[in-house]
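Per-entry structural report
Each chain, letter by letter, is given below.
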Protein chains: 2
Amino acid sequence: MRQAMILRWALAVVATISAAYNWAQPLPSWNEGPAKQAIVKFVNDVTTQGSPIFVASEDRIAVFDNDGTLWAEQPLYFQLAFMLDQVKASAPKHPEWKDDPAFKALLAHDQKALAAMGPKPVMKLLAIANSGMTTAAYDRTIRDWIATARHPKFDRPYTELVYVPMQELLAYLRGNGFKTFIVSGGSIEFMRPWAERAYGIPPEQIVGTITGTKFSIIDGKAVLTRTPKIDFIDDGPGKPVGIYRAIGRQPIFAFGNSDGDWQMLQWTAAGTGPRFMGLVHHTDGQREYAYDRQSRIGKLDKALDDANARGWTVVDMKRDWNKVFAFQ
Amino acid sequence: MRQAMILRWALAVVATISAAYNWAQPLPSWNEGPAKQAIVKFVNDVTTQGSPIFVASEDRIAVFDNDGTLWAEQPLYFQLAFMLDQVKASAPKHPEWKDDPAFKALLAHDQKALAAMGPKPVMKLLAIANSGMTTAAYDRTIRDWIATARHPKFDRPYTELVYVPMQELLAYLRGNGFKTFIVSGGSIEFMRPWAERAYGIPPEQIVGTITGTKFSIIDGKAVLTRTPKIDFIDDGPGKPVGIYRAIGRQPIFAFGNSDGDWQMLQWTAAGTGPRFMGLVHHTDGQREYAYDRQSRIGKLDKALDDANARGWTVVDMKRDWNKVFAFQ
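Cut-offs used in this document
Residues numbered from 1 in each chain as written. Chains lettered and ligands numbered in written order. Predicted model: local features only at pLDDT ≥ 70, side-chain atom pairs only at ≥ 80, totals over all residues. Heavy atoms only, no water. Pairing = 2+ DSSP bridges. Helix = DSSP H or I, 4+ residues; strand = E, 2+ residues; numbered from the N terminus. Axes fitted to C-alpha atoms, helices over the stretch in contact; angles between N-to-C directions. Salt bridge = Lys/Arg side-chain N within 4 Å of Asp/Glu carboxyl O. Buried < 20%, exposed > 50% of the residue type's maximum accessible area, 1.4 Å probe, protein only. Phe/Tyr/Trp six-rings, centres within 6.5 Å; stacked < 30°, edge-to-face > 60°. Lys NZ or Arg CZ within 6 Å of the ring centre and 35° of its normal.

**Considering the sheet that holds strand β1 (residues 61–64) of chain A**
The strands making up a sheet are joined through hydrogen bonds of the backbone, oriented either antiparallel or parallel. Residues and elements named next belong to chain A. Taken in spatial order, the seven strands line up as β4-β3-β2-β1-β5-β6-β7 in an open sheet, and their pairing is mixed. Edge strands, defined here as strands with exactly one partner in the open sheet, are β4 (221–232) and β7 (313–316). Pairwise comparison of adjacent strand axes, ignoring direction, gives a mean angle of 30° for this sheet. As paired elements, strand β6 (residues 276–281) and β7 share four bridges and run parallel to each other. If you follow Gly-278 over to β7, its bridge partner there is Thr-313.

Structure representation (structure tokens):
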């Protein structure tokens, strides 16, 4: 088969050039140092044919938390800001909310109370607010909000608050045959409309919290509508479960930034063969935010101790990144 | 950037040769006729640049039912055969089962009763039987069974009962930039160990029924263990919901074979733009099985009426396939 031979040859050429091209300057927004070194060494070791810890391409599964790992999460998870707007807009239809603590905290912009109660009570309000909405209408709501809402500190669209070094890392991994996934406590619907452009991660590679939906025929047309039930919470011990359900392979590379990612990192570490576990440590109060053990949002305490004890890679944002956001 | 230019050129060469190569002889096990014609025309129309119904590569999502669509499902769903063996093996630990109708039907090989009660009661028994088992141990159990069990009629390993024409169709779609998914009423764990080899579909592209799992640390190691709860049933109206949760895009191509696939086909049809809906009609009692409206397994009734009314493609196995299984 002459065609097959030419095809194989051309593929080999592409692979070679592509490899050279990707290696030209990996991770330019990362300063030289132990974090970048650890990443590049790991990727080199698992992708070099003949390496004692070579990993076949199909097993190169990399998972990333979203809030605080791929984009910012202060002063409040961005999805909470969206929810606030949604819940406010539908409040007139729900007079019974006036005594609900989560609703009162939302209206009062009481971020301390909101952070203390965690995302669940607010997600319940939102689930009720949008119950009965079709998934298509909900998707438009998110797209509209993402297009217009602005971050309170940086006065930029939220999607500009993605971390350039992490975008580079995602592209670098994919360039080396990894398949990249988001595994977030946020809801799948909230991330899907913008994650492909922001991170190069398509909707089907986004694992997250799942709200109930049900199938019906409305006016002769098949639709999915939202129910008020939360079906699955993809946070903490839910993250390895979410990975198992949606991906079905144990990742060999995982990145998080908070105790909500601890179990995902532990489960990644528990696999056989080479493993990379990383944490983004928010140490940069100038360019971004500085927080860890005492933070109400993105608390990093037990996972940090474990990372230090087990030699996982801890990225010091201030020291390791020469750029945080593209606009800076 | 000279490297980038060469890379682009080489990629173009590969794309051209690859396209020519794939088109040499598509779907050889399909007889010339309306079904094959409809498939090839659809794929041509959505992949040809400049075509009025061209679809971008990222939106070429194709979903396939498994039982009765990609492999056989008679005389009993193969997963039920596996479950029977599993439940039997753990019966000594569950004396309370002796009065359970599903257990009695299993022991008596009462396929009529089993089919009548559907998979749920048996799945409950299985969930209890394997509750507490780690996901890794469960995976080994499935691999062992798949390697040794044999189909009662054909006396072959079950994995030899995959349909060659559907394997060709999956490869043909992927060769044309489609991403192929399984969306099955069977459980994700049961399909993952062998679907990649049988169909070229990796674990992360398998959507199915989900049993509960929970994260724990056992002997200092992170593990997932099975719980007795069924978290999600990916059948009938659950299929579009499963697609929404796991894929997040409305498919443009869907194939099923029974009323359990009807809603998946309806939801695929409800999207905007070009759509292909197909049904495998089991008409070949010689080479496989002949069944439809009256069958206890894989009943095809309402979906067949709808397909005929709406002009969906109905594959007549006897007429449209010149080969069913590879061993024939």
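From this point, the discussion proceeds with the structure in view.
**Details of the pattern of salt bridges**
Counted according to the given criterion, the structure contains 40 salt bridges over all chains. With a shortest N-O distance of 2.7 Å, Lys-239 of chain A and Asp-261 of chain A are connected by a salt bridge. Residue Lys-239 of chain A is located in helix α10 (residues 238–246), and its partner Asp-261 of chain A is located in the loop between β5 (253–256) and α11 (262–269); the two are separated by 22 residues in the primary sequence. Residue Lys-239 of chain A is classed as buried on the basis of its relative accessible area, which comes to 1%. It is possible to trace a salt-bridge network through shared partners that takes in Asp-59, Lys-179 and Arg-249 of chain A together with Glu-196 and Glu-204 of chain B.

**Describing helix α10 (residues 238–246) of chain B**
Turn by turn, an α-helix covers 3.6 residues, leaving residues three or four places apart pointing in a common direction. Counted residue by residue, α10 of chain B has eight buried out of nine residues, so it is predominantly covered. Taken together, the buried positions of α10 of chain B are Gly-238, Lys-239, Pro-240, Val-241, Gly-242, Ile-243, Tyr-244 and Arg-245 of chain B.

**Regarding the packing of aromatic side chains**
Under the counting rule described, the total for this entry stands at 52 aromatic pairs over all chains. Through a chain of ring-to-ring contacts, the aromatic side chains of Trp-71, Phe-78, Phe-82, Tyr-138, Trp-145, Tyr-158, Phe-190, Trp-194 and Tyr-199 of chain A assemble into a single cluster. In this structure, Lys-153 of chain B packs its charged tip against the face of Tyr-289 of chain B, placed 4.2 Å from the ring centre. Its end group placed over the ring of Tyr-244 of chain A, Arg-192 of chain B keeps NZ or CZ at 5.9 Å from the ring centre.

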